[in-house]
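# Results of the structural survey
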Amino acid sequence: MKDHRMKPFQEFLQKLNRTLRFGSAAGWILFAGLFAACETHEMDDPGLLVPLTVDEDSSLPSIHVNSTQLHAQTFGNPNDPMLVVLHGGPGGDHRYLLNCAEFVNDGFFVVLYDQRGGGLSKRHDADAYSIQIFVDDLQAVIDHYRGGPGQKVFLLGHSWGAMLATAYVNAHPGTISGLVLAEPGGFTWEDTKAYIERFKTLHPLDETSNDFVYLDQFITGDNHRILDYKAGLQAAANFADGNETGVEGMEPYWRFGAVCNKACLDYADEHGFDFTSHLGQFTTKVLFVYSEWNKAYGRTHAERVSSAYPNVQLEEIPGTGHEMTYFAWDRFYPLAKNYFNEVSK
Amino acid sequence: MRNVILTIILAGALARVGHAQTVNWASMKNDRSNVVYASYGYDFGVAAHAGYGRFVPTIRPLLITFDYSMPMGGRWTDDFKLRLGTHVQLLEKNGFALSGKAMGNFRRHQTSLVRMASFGGEFALVAGYFKPAFHAAVELSADGAVVTHLKHSRLMKRDFPRIHDGWYLNTGVHYFYGIQAVKSIGRQYDVNLRLGKTNARGEHEDVLPVYAQLGVARRF
């Protein structure tokens, strides 16, 4: 009974099988022929998937400091007090912070640069990165642009940039005249790691998490350009619907330095860090801002992190997430402007 | 270019005669020449798989399969993988068997930044001990995204207008090392488990370099 019922179906399957065999063979030959006519590329061909860096394109503005080549731009009168703007990452770039050029109108000489290995700055191998090298690079950038010891220097840092600014202040507590910090992950590795774990947790059934890992089967390799491209695509998770850090969209960027980012995280995980040992000597008021929508941060973390400074103005920026310096510029700028006016007197 | 065409033709030629998930050769019967299967697990994301296979009488036991898989998430059609291939038993002695798989695949992936469409191939060797009621085996395999088309979104082009859409060669290669086990239940059903480690080409590992699948198959 069972065999009788199955016979027509099996005959159909046999016919289907023969058809598929012929069809797939013809299909593959047709596909190969069509594909031969297509133009193809290698993923690491320069300039195709990620922009050229300063060592690949001499038309980009750059400076040679501390044995590297950094993409840097300045705005305003070089004799005015210097405001150095530090982007997030590590491995990010300063494109999303170009609004900060507006501080020229407040009497600042504004310096923006892509940190070592990020954005349009020169790439380096993983062993070139340490926290100290970023502090040394910052010192070299300040020395490069500073007219003399009488020129005041201010720092404005976002995310990792705020951590770097604090590392610099901790190492040189007497050299900075004012400091704006926007959501630094932490000033110790323990605080930073806890923050990262709060927003980078993968959710197995979530579209964003699966997009993040699904990409792995399409793109592999060690080439820096390929890794940068892939990291840029995976960064879509940062602004996906429902992201933990409350980011509204994709902020402008040039290139995400994947090797730099991973090397720095590996370095921190292996060596740890503590930028708080000399912060007690920095008695100038610090403007410390955090965003309302960043669920992984919040006032509790902001109070914990900012408490390392003896004199803090802690402010929440409403209606925005971690990328507040771009998406909530209209709320961030007045706060920073008023602060600079106060500490510049 | 010639290498790519040859690889595609080779993958296609092999795929023309078939692939499978986990096959218990010892439980194959002449009156059970079709199999449908489904599995769930981690395969570059939490993913569900479903497929159909047909045993073909040749000099060696051979199974042709076609399957579809997709990762979990809110959008059900933007990411998926289709595979067409063959799984053939190469050697058998006293319950020990060695088999080979060859598959052609098509993968699609879309995010707010890019749409990827990729043609590739998978090749595997499976060696183990096969009894009618169960088998246990080790598997070694390689998976290559031979050629991938990238189409970038307006959002991506906002930041990098000169980003190049088009076909890119040899974009991804993975190696898989794992184990598989199958338990047959009655004459028609198999429950199978695959576990293993993935290695991406180069030194940079995947986000989660493992795979794990629990599945069920019905022979008829």
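Residues numbered from 1 in each chain as written. Chains lettered and ligands numbered in written order. Predicted model: local features only at pLDDT ≥ 70, side-chain atom pairs only at ≥ 80, totals over all residues.

### What about the overall build of chain B?
The helix and strand inventory of chain B stands at two helices and 10 strands. Listed N to C, the secondary structure of chain B is α-β-β-β-β-β-β-β-α-β-β-β in terms of helices and strands. Here chain B, with 220 residues, has 44% of them falling under the buried criterion. (Helix = DSSP H or I, 4+ residues; strand = E, 2+ residues; numbered from the N terminus. Buried ≥ 20, exposed ≤ 12 C-beta atoms within 10 Å, placed from the backbone.)

### As for the overall build of chain A
Regarding its fold elements, chain A presents 10 helices and nine strands. Counting across all 345 residues of chain A, residues that qualify as buried make up 46%.

### What about the pairing of strand β2 (residues 62–65) of chain A?
All names here are of chain A. As paired strands, β2 and strand β3 (residues 68–75) are joined by four bridges and run antiparallel to one another. Counterpart to His 64 in the pairing with β3 is Gln 69. As consecutive antiparallel partners, β2 and β3 are separated by two residues, and within that stretch Asn 66 has a phi angle of approximately 45°, a positive value. (Pairing = 2+ DSSP bridges.)

### A closer look at the packing of helix α2 (residues 131–145) of chain A against helix α3 (residues 160–171) of chain A
All names here are of chain A. For the pair α2 and α3, interaxial distance at closest approach is 10 Å and the crossing angle is 80°. Between α2 and α3, the angle falls in the class roughly perpendicular. Note on element contacts: α3 touches α2 through Leu 164, Ala 167, Tyr 168 and Ala 171, opposite Ile 131, Phe 134, Val 135 and Leu 138. Taken together, the residues of the contact of α2 with α3 sort by class into eight nonpolar, no polar and no charged. (Axes fitted to C-alpha atoms, helices over the stretch in contact; angles between N-to-C directions. Parallel < 35°, antiparallel > 145°, perpendicular 65-115°, else oblique. Contact = placed C-beta atoms within 7 Å. Nonpolar A, V, L, I, M, F, W, Y, C, P; charged D, E, K, R; others polar.)

### Some thoughts on the packing of helix α6 (residues 224–234) of chain A against helix α7 (residues 258–271) of chain A
Residues and elements named next belong to chain A. With their axes 8 Å apart at the nearest point, α6 and α7 run at an angle of 80° to one another. One way to sum up the angle between α6 and α7 is to call them roughly perpendicular. Contacts between α6 and α7 involve His 224, Leu 227, Asp 228, Lys 230 and Ala 231 on the former and, on the latter, Ala 258, Val 259 and Asn 261. The residue inventory of the contact of α6 with α7, partitioned by class, reads four nonpolar, two polar and two charged.

### Considerations on the nonpolar core
Residues and elements named next belong to chain A. Leu 83, Val 85 and Val 111 are the most contacted members of the largest nonpolar core, which totals 105 residues. Broken down by element, the residue count for this core peaks at eight residues, all from α3. Residues in contact with Val 85, not counting those within four places in the same chain, are His 94, Leu 97, Cys 100, Val 110, Val 111, Leu 112 and Leu 156. (Core = buried A, V, L, I, M, F, W, Y, C linked by C-beta atoms within 7 Å.)

### Notes on unusual backbone geometry
Residues and elements named next belong to chain A. Note that the residue after Gly 89, namely Pro 90, is joined by a cis bond; omega there is -5°. Within the secondary structure, Pro 90 is located in the loop between β4 (82–86) and β5 (109–113). Here Ser 67, not a glycine, exhibits a phi torsion of approximately 60°, which is positive. Relative to the assigned elements, Ser 67 resides in the loop between β2 and β3.

### Examining helix α4 (residues 189–199) of chain A
All names here are of chain A. Turning to α4, its buried residues are Trp 189, Thr 192 and Tyr 195. Seen along its axis, α4 keeps its buried residues to an arc of 130°; they face one direction. Within α4, the exposed residues directed more than 90 degrees away from the buried face are Glu 190 and Glu 197. Check the buried side of α4 and you find it contacts α7 and α8 (298–306). (Arc of directions from axis to C-beta.)

### A look at the environment of B:Met70
All names here are of chain B. Topologically, Met 70 is positioned in strand β3 (residues 62–71). In this structure the C-alpha to C-alpha distance between Met 70 and Gly 196, which are 126 residues apart in sequence, comes to 19 Å. Ignoring sequence-local partners within four residues, the contact set of Met 70 consists of Ala 47, Ala 48, Trp 76, Asp 79 and Phe 80.

### Comments concerning the environment of A:Asp44
Structurally, A:Asp44 is set in the loop between β1 (40–41) and β2. Looking at A:Asp44, the number of C-beta atoms within 10 Å reads 17, which means it is partly exposed.

### Comments concerning α2(A)
Residues and elements named next belong to chain A. Its 15 residues give α2 an end-to-end C-alpha distance of 22 Å, which sits within 8% of 21 Å, the value for a rise of 1.5 Å per residue. Buried within α2 are the following residues: Ile 131, Phe 134, Asp 137, Leu 138, Val 141 and Ile 142. Buried residues in α2, looked at end-on, bunch into an arc of 135°, giving them a common side. (Expected span 1.5 Å × (residues − 1).)

### Focus on the sheet that holds β3(A)
Residue and element names in this part refer to chain A. In spatial order, the strands read β2-β3-β5-β4-β6-β7-β8-β9; together these eight strands make up an open sheet with mixed pairing. Each edge of the open sheet carries a strand with a single partner, namely β2 and β9 (312–317). For this sheet, the mean inter-axis angle between neighbouring strands, taken without regard to orientation, is 25°. Where strand β8 (residues 286–291) meets β9, six bridges bridge the pair, whose relative direction is parallel. What sits directly across from Val 289, in β9, is Glu 315. Seen against the sheet, α3 touches β4, β6 (153–158) and β7 (178–182) and runs at an angle of roughly 145° to β6.

### Structural notes on the confidence of the model for chain B
Considering every residue of chain B, the mean pLDDT works out to 86; 86% of them sit at 70 or more. Note on residues 1–20 of chain B: pLDDT under 50 across the span, and 60 contacts to partners over four residues away in sequence or across chains. (pLDDT = per-residue confidence, 0-100.)

### Let's talk about the pairing of strand β1 (residues 34–42) of chain B
All names here are of chain B. Inspection of the sheet shows β1 paired to strand β2 (residues 46–56) by nine bridges, in the antiparallel sense. Bridge pairing in β2 links Val 36 to Tyr 52. Between β1 and β2, which pair antiparallel in sequence order, lie three residues; one of them, Phe 44, sits at a positive phi of approximately 55°. Bridge count between β1 and strand β10 (residues 210–219): eight bridges; the pairing is antiparallel. Within β10, the position partnered with Ala 38 by the bridge is Val 216.

### What about the environment of B:His149?
All names here are of chain B. Following the sequence through the fold, His 149 ends up in strand β7 (residues 134–152). Distance from His 149 to Gly 166, taken between C-alpha atoms, is 5.3 Å for residues 17 residues apart in sequence. What His 149 contacts, discounting residues up to four positions off in sequence, is Met 116, Ala 117, Gly 166 and Trp 167.

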